[in-house]
Amino acid sequence: MASAAFEEIVETFEFLEDWEDRYRHVIELGRAMDPLEDAFKVPATKVDGCASQVWLMPEIEGQGAGAVYRFKGDSDAMIVRGLIAVLRALYDGRTVAEVLATDAGAQMARLGLDEHLSSQRSNGLRAMVERIRSQAACVAEGV
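In this text, all values refer to a predicted model and were calculated from it rather than measured experimentally.

### Here we look at the pairing of strand 2 (residues 68-75)
Here is step 1 of the chain: Pairing of strand 1 (residues 54-61) with strand 2, which is carried by 8 bridges, proceeds in the antiparallel orientation. From the neighbouring strand, Pro-58 faces strand 2, where its bridge partner is Phe-71.
Here is step 2 of the chain: From the end of strand 1 to the start of strand 2, which pair antiparallel, there are 6 residues, and Gly-62 there has a positive phi angle of about 100°.
Here is step 3 of the chain: Relative to strand 3 (residues 94-95), strand 2 is paired through 2 bridges, and the arrangement is antiparallel. When the sheet's bridge partners are listed, Tyr-69 is paired in strand 3 with Arg-94.

### Observations concerning the nonpolar core
Here is step 1 of the chain: With 41 residues, the main nonpolar core has Phe-6, Leu-87, Tyr-91, Leu-111, Leu-113 and Met-128 as its most contacted residues.
Here is step 2 of the chain: In terms of residue count, the dominant contributor to this core is helix 3 (residues 78-91) (10 residues).

### Points about the layout of surface pockets
Here is step 1 of the chain: Of the volumes computed, that of the largest pocket is approximately 210 Å³.
Here is step 2 of the chain: Lining the largest pocket are 14 residues, with Ala-104, Gly-105, Met-108, Leu-125 and Arg-126 sitting closest to its centre.
Here is step 3 of the chain: Residue assignment for the lining of the largest pocket shows that the elements contributing at least two residues are helix 5 (104-109), helix 6 (113-116) and helix 7 (119-140).
Here is step 4 of the chain: Broken down by element, the lining of the largest pocket gets its largest block of residues, 5 residues, from helix 7.

### Side note on the environment of Arg-24
Here is step 1 of the chain: By secondary structure assignment, the location of Arg-24 is in helix 2 (residues 19-32).
Here is step 2 of the chain: The spatial distance from the C-alpha of Arg-24 to the C-alpha of Met-78 is 9.8 Å, given a sequence separation of 54 residues.
Here is step 3 of the chain: In this structure the side chain of Arg-24 is engaged in a polar contact, spanning 2.4 Å, whose partner is the side chain of Asp-21.

Rules of the game
- Residues numbered from 1 in each chain as written.
- Predicted model: local features only at pLDDT ≥ 70, side-chain atom pairs only at ≥ 80, totals over all residues.
- Heavy atoms only, no water.
- Pairing = 2+ DSSP bridges.
- Helix = DSSP H or I, 4+ residues; strand = E, 2+ residues; numbered from the N terminus.
- Core = buried A, V, L, I, M, F, W, Y, C linked by side-chain atoms within 4.5 Å.
- Buried < 20%, exposed > 50% of the residue type's maximum accessible area, 1.4 Å probe, protein only.
- 1 Å grid on protein atoms, 1.4 Å probe; cavity = no way out; pocket = protein on both sides within 12 Å on 5 of 7 lines; lining within 4 Å.
- Points joined across faces, edges and corners; volume = space filled by probe spheres on them.
- Polar contact = N/O pair within 3.5 Å; in protein donor to acceptor, adjacent residues only side chain to side chain.

In structure tokens, the structure reads:
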């Protein structure tokens, strides 16, 4: 089950039939997102496997599987910043258990992003999802 924020993006994408419009919408989502403070743009928050610079900063409330997962993120590439905004819509504010139960690939496929991103961007998106899932798994396991 996807969040209401993600479902809103899905609905917007269904309305925007042209991929160029969808691409612009993803970029706008990224522009609307607050930038990550420079103090958090450090090696520990940097996501490896992305062609551009990407940082994800978790903000977890609570402990165990019921902890609430939130994160901030940023990138030096506009489309990647937009993808971070899409991932925030998918994951932000959900419990760690919900994060781990979410099939990000299936949810992102609903947007058709898998068909229109370059292989480098797709790899970067997978790397971001893996980072999020890894952080959530550590909290769920009490690490």
